[in-house]
Structure formats: C-alpha cells, structure tokens
Amino acid sequence: MRTEAKIFNLFAVFFYLASPFYAWWTYTELGGIEFVGTVALALTGTLLLMLGLFFSFVTRRIDPRPEDRPDADIAEGAGEVGFFSPGSYWPFGLGLAVFVAGIGLAVWQWWMVAAGLIGVLFATTGLIVEYYTGTRRPAE
C-alpha cells in the first residue's frame, strides 16, 4: 500500500500545482480566470490527497505486502486472489442499470433515473446472493 500512497500523493501535489498555473494561464489568455477548471483541478487534488492519506494510514496498520518490500520474491505474491464467477450475467445487468440511471440524469428524466436505481438495487442483490449457501437455501 505504500506504493499506492506515494502515487496518489504525487498526483495530488501535481494537481495542486497545476490549479494556480491554470488560473494564471486563463487570466493571461482570456482576460479573466476560468473558475470551473481551476476549482476542478483543486478538487481533483483534494480527492487524490484523501486517497493517498487513506492508503498511508492503512499501510501503518497492515504488514508489508510483497509488492512493498524490495527483498520479496515473485513467488510470495502467488496464490488465490479471490473468487470471481466465470459465468455470471449480473455484472452486465449492473452496468446496464447504471447506464440507464446515468442517461436519465443526462437527459433530466427522473423516471429513468428511478428505473435505473431500482435496476441497480436488483442487480446488486442478484450479484451478492448468486452463490448464497446459507441455511435457508432450498434443498437441491
């Protein structure tokens, strides 16, 4: 996590330095500061700084991963990362529902946003309980 923290913090510094430069550049070219871009650059830097600080705090709490140690072997990072369903259609449905909600926001149709959000809830539920093996699962 130390590497990720360095990357995010480095980009945050870049965006913080780019924001006043962008304000100066638009002032000299346009005769006035373009505030939307200046604020967007500053907020991007803030978001990246928040992520970098989060990774910095997490780094202190966990043991160093093989990616963070210079003396680590490649074999130390091998192994199972997690279970990813090979034939699930739920991620496609989730993406489609987010797309419908996003298009509804873009064209300002609240019924479409509502339909998309309902689809997001339905697809997320399906994705979560796809491999449910609890005690209430019906017998096969």
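Residues numbered from 1 in each chain as written. Predicted model: local features only at pLDDT ≥ 70, side-chain atom pairs only at ≥ 80, totals over all residues. Heavy atoms only, no water.

K.L.:
When you look at helix 2 (residues 35-61) in this model, what are you seeing that I'm missing?
P.N.:
Every α-helical turn comprises 3.6 residues, leaving residues that sit three or four positions apart pointing alike. Taking 1.5 Å as the rise per residue, helix 2 with 27 residues should run 39 Å; its terminal C-alpha atoms sit 39 Å apart, in good agreement. Looking at helix 2, one finds that the buried residues are G37, T38, L41, G45, L48, G52, F55, S56, V58 and T59. Residues of helix 2 that are buried make contact with helix 1 (2-30). (Helix = DSSP H or I, 4+ residues; strand = E, 2+ residues; numbered from the N terminus. Expected span 1.5 Å × (residues − 1). Buried < 20%, exposed > 50% of the residue type's maximum accessible area, 1.4 Å probe, protein only. Contact = heavy atoms within 4.5 Å.)

K.L.:
Sorry, what's going on with the pattern of salt bridges here?
P.N.:
Charged atoms that come close allow side chains of opposite charge to pair. Scanning the entire structure with this criterion turns up five salt bridges. In this structure, R65 engages E4 in a salt bridge whose closest nitrogen and oxygen atoms are separated by 2.9 Å. You can see R65 sitting in the loop between helix 2 and helix 3 (90-107) and its partner E4 sitting in helix 1, a full 61 residues away along the chain. The shortest N-O distance in the salt bridge between E67 and R65 comes to 3.8 Å. Salt bridges sharing common partners tie together E4, R65, E67 and D68. (Salt bridge = Lys/Arg side-chain N within 4 Å of Asp/Glu carboxyl O.)

K.L.:
Would you take a moment to explain the packing of aromatic side chains for this structure?
P.N.:
Two numbers describe a pair of aromatic rings. These are the distance of the centres and the angle of the planes. On inspection of all chains with the given rule, the structure shows seven aromatic pairs. Look at F21 and W24: their rings are 5.7 Å apart centre to centre, the planes differ by 35°, and that puts the pair in the tilted class. Remark: W24 and F21 occur in helix 1; sequence separation between them is three residues, near one turn of the helix. The same class applies to F21 and to W24, which are both exposed. Plain terms: the ring middles of F54 and F55 are 5.7 Å apart, the flat faces sit at 55° to each other, and that makes the pair tilted. Three or more aromatic residues joined by ring pairs form one cluster here, namely F8, F54 and F55. (Phe/Tyr/Trp six-rings, centres within 6.5 Å; stacked < 30°, edge-to-face > 60°.)

K.L.:
When you look at the environment of L121 in this model, what are you seeing that I'm missing?
P.N.:
By secondary structure assignment, the location of L121 is in helix 4 (residues 110-128). Assessed through its relative accessible area of 59%, L121 is described here as exposed. Each C-alpha atom, one on L121 and one on E29, is 47 Å from the other, the two residues being 92 residues apart in sequence.

K.L.:
Mind showing me how you'd approach a nonpolar patch on the surface here?
P.N.:
A cluster of nonpolar residues, Y27, I33, F35, V39 and L43, forms a patch on the protein surface that exposes about 530 Å² of accessible area. Considering each element in turn, the nonpolar patch owes the most residues, three residues, to helix 2. The topology assignment puts L43 in helix 2. (Patch = residues over 30% accessible without salt bridge, like charges linked within 9 Å, V, L, I, M, F, W, Y side chains within 5 Å. Areas by Shrake-Rupley, 256 points an atom, 1.4 Å probe, with all protein chains shown as cover.)

K.L.:
Help me understand the packing of helix 1 against helix 2 in this model?
P.N.:
In helix packing, the relevant descriptors are the interaxial angle and the interaxial distance, both defined with respect to the helix axes. Relative orientation of the contacting elements helix 1 and helix 2 amounts to 160°, with a least axis distance of 7 Å. Overall, the two elements helix 1 and helix 2 adopt an arrangement that is roughly antiparallel. Our pair here, helix 1 against helix 2, has a crossing hand that is left-handed. When its residues are assigned to classes, the contact of helix 1 with helix 2 shows 16 nonpolar, ten polar and two charged. (Axes fitted to C-alpha atoms, helices over the stretch in contact; angles between N-to-C directions. Parallel < 35°, antiparallel > 145°, perpendicular 65-115°, else oblique. Left-handed = near helix turned anticlockwise from the far one by under 90°. Nonpolar A, V, L, I, M, F, W, Y, C, P; charged D, E, K, R; others polar.)

K.L.:
It is not clear to me how the nonpolar core should be interpreted in this structure. Could you clarify?
P.N.:
Taken as a class, soluble globular proteins show a tendency for nonpolar side chains to be buried jointly. In this structure, A12, F15, A18, L41 and L48 together form the largest nonpolar core, which totals five residues. Broken down by element, this core gets its largest block of residues, three residues, from helix 1. Look past the residues within four positions of A12 in its chain and what remains in contact with it is G45, L48 and L49. (Core = buried A, V, L, I, M, F, W, Y, C linked by side-chain atoms within 4.5 Å.)

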